[in-house]
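Structure assessment
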Amino acid sequence: MKLISKFNDIKDIKKRITTIYKQPDRGIIIHYGCSSFDEQHIKIVSIAIKNLASGETQSFSIPQEAQKSKETYDKLEAKMLEKYFIYVENRPDFVFIHWNMRDSKYGFKALEDRYEALTGIKAYKIPDDKKFDLSRGLILLYGENYIGHGEYGRLVNIISLNNITFKDGLTGNEEANAFKKGEYQKIIFSTLRKVDCLQNILDLVRKNSLKVSILPIDNRFIINSLGVLEFLAMPILRKIFRFT
């Protein structure tokens, strides 16, 4: 039963990725940077957005808002979040690909709560079926131990293992320290770099080319089996062998 459950999980993740790439213009990669999680009120600095098809990237950030007015940080943050929520609300059919943005400490819920606390206005909520957590997807595909947490976390470690460029990227602690110093531009560059990295990871997963530290035998067997089934399902082979 455990193997069947694992087979279904892996099949569902691969199907979800295939579906996303069928309409890449409706795929949005998202990541954001903020102050330390130790703070009572976690402040948002920058939200990076990247279209999967065009590669067009944009950022909602405090420095952008500060160029337009000399208001307090909270008011600038409210304006930045308002623009972000207008952006996502205008894209109801898009899928938002993210890394571990699952709770009220760091995630879509955290953005919603922060906007509501600053403005008193109810935030738009992206439907759950329009979110794809790449972090959870990798765990289901390759197992809990596919990469270690280490000092910097799974994201930085999988980026390093696959030789993906991480120029200007910061770890979570480095972003928190940059916030304390008021170095917001560094956080912007980091979030922009991370959406690039997430796209690279997703591309490698799609091509079955992602390097992992450990891949359980049963996961490897299932992934390879699904690869064979996908190959046999190609239209030209179905025609040659008259598959139903």
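Whatever comes next refers back to the structure up there.
We now turn to the structure provided with this report. (Residues numbered from 1 in each chain as written. Predicted model: local features only at pLDDT ≥ 70, side-chain atom pairs only at ≥ 80, totals over all residues. Heavy atoms only, no water.)

Positive phi is not limited to glycine here, since Asn100 has a value of about 60°. Inspection of the secondary structure puts Asn100 in the loop between strand S4 (95–98) and helix H4 (108–119). (Helix = DSSP H or I, 4+ residues; strand = E, 2+ residues; numbered from the N terminus.)

Spatially, the 5 strands line up as an open sheet ordered S3-S2-S1-S4-S5, and their pairing is mixed. The open sheet terminates on both sides in strands that have one partner only, identified here as strand S3 (57–61) and strand S5 (131–133). Strand-to-strand, the axes of this sheet are offset by a mean angle of 25°, without reference to chain direction. Inspection of the sheet shows S4 paired to S5 by 3 bridges, in the parallel sense. Bridge pairing links Phe96 to Lys131 in S5. Packing against the sheet, helix H5 (residues 134–142) makes contact with S4 and S5, and its axis sits at approximately 50° to S5. (Pairing = 2+ DSSP bridges. Axes fitted to C-alpha atoms, helices over the stretch in contact; angles between N-to-C directions. Contact = heavy atoms within 4.5 Å.)

Now for the layout of surface pockets. As a volume, the largest pocket reaches approximately 880 Å³. Taken together, 32 residues make up the lining of the largest pocket; nearest its centre are Phe37, Tyr152, Gly153, Thr171 and Gly172. Listed by contribution, the elements that provide at least two residues to the lining of the largest pocket are strand S1 (27–34), H5, helix H6 (154–161) and helix H7 (172–180). The element that contributes the greatest number of residues to the lining of the largest pocket is H7, accounting for 6 residues. (1 Å grid on protein atoms, 1.4 Å probe; cavity = no way out; pocket = protein on both sides within 12 Å on 5 of 7 lines; lining within 4 Å. Points joined across faces, edges and corners; volume = space filled by probe spheres on them.)

Right, let's talk about the nonpolar core for a bit. Core analysis: the largest hydrophobic core is formed by 33 residues, its most contacted members being Tyr32, Ile47, Tyr84, Phe96 and Leu111. Broken down by secondary-structure element, the contributors of at least two residues to this core are S1, strand S2 (44–51), helix H3 (73–89), H4 and H7. Among the elements that line this core, the one with the most residues is H3, at 8 residues. Those residues in contact with Ile47 that sit more than four places away from it in its chain are Ile30, His31, Tyr32, Gln58, Ser59, Phe60, Leu81, Tyr84 and Leu111. Core analysis: the second largest hydrophobic core is formed by 32 residues, Ile10, Ile20, Trp99 and Phe132 among them. (Core = buried A, V, L, I, M, F, W, Y, C linked by side-chain atoms within 4.5 Å. Buried < 20%, exposed > 50% of the residue type's maximum accessible area, 1.4 Å probe, protein only.)

Following the criterion strictly, the structure yields 10 aromatic pairs and no others. Residues Phe60 and Tyr84 carry aromatic rings whose centres are separated by 6.2 Å and whose planes lie at 75° to one another, so their mutual orientation is edge-to-face. You can see Phe60 sitting in strand S3 and its partner Tyr84 sitting in helix H3, a full 24 residues away along the chain. Judged by its relative accessible area of 1%, Tyr84 falls in the buried class. (Phe/Tyr/Trp six-rings, centres within 6.5 Å; stacked < 30°, edge-to-face > 60°.)

All right, on to helix H1 (residues 2–22) then. Taking 1.5 Å as the rise per residue, H1 with 21 residues should run 30 Å; its terminal C-alpha atoms sit 30 Å apart, in good agreement. Within the sequence span of H1, burial applies to Lys6, Ile10, Ile13, Lys14, Ile17, Ile20 and Tyr21. Projected down its long axis, H1 carries its buried residues within an arc of 120°, all on one side. Looking at H1, the residues exposed on the side facing more than 90 degrees away from the buried face are Ile4, Lys15 and Lys22. (Expected span 1.5 Å × (residues − 1). Arc of directions from axis to C-beta.)

No statement about biological role is implied by the geometric values presented.
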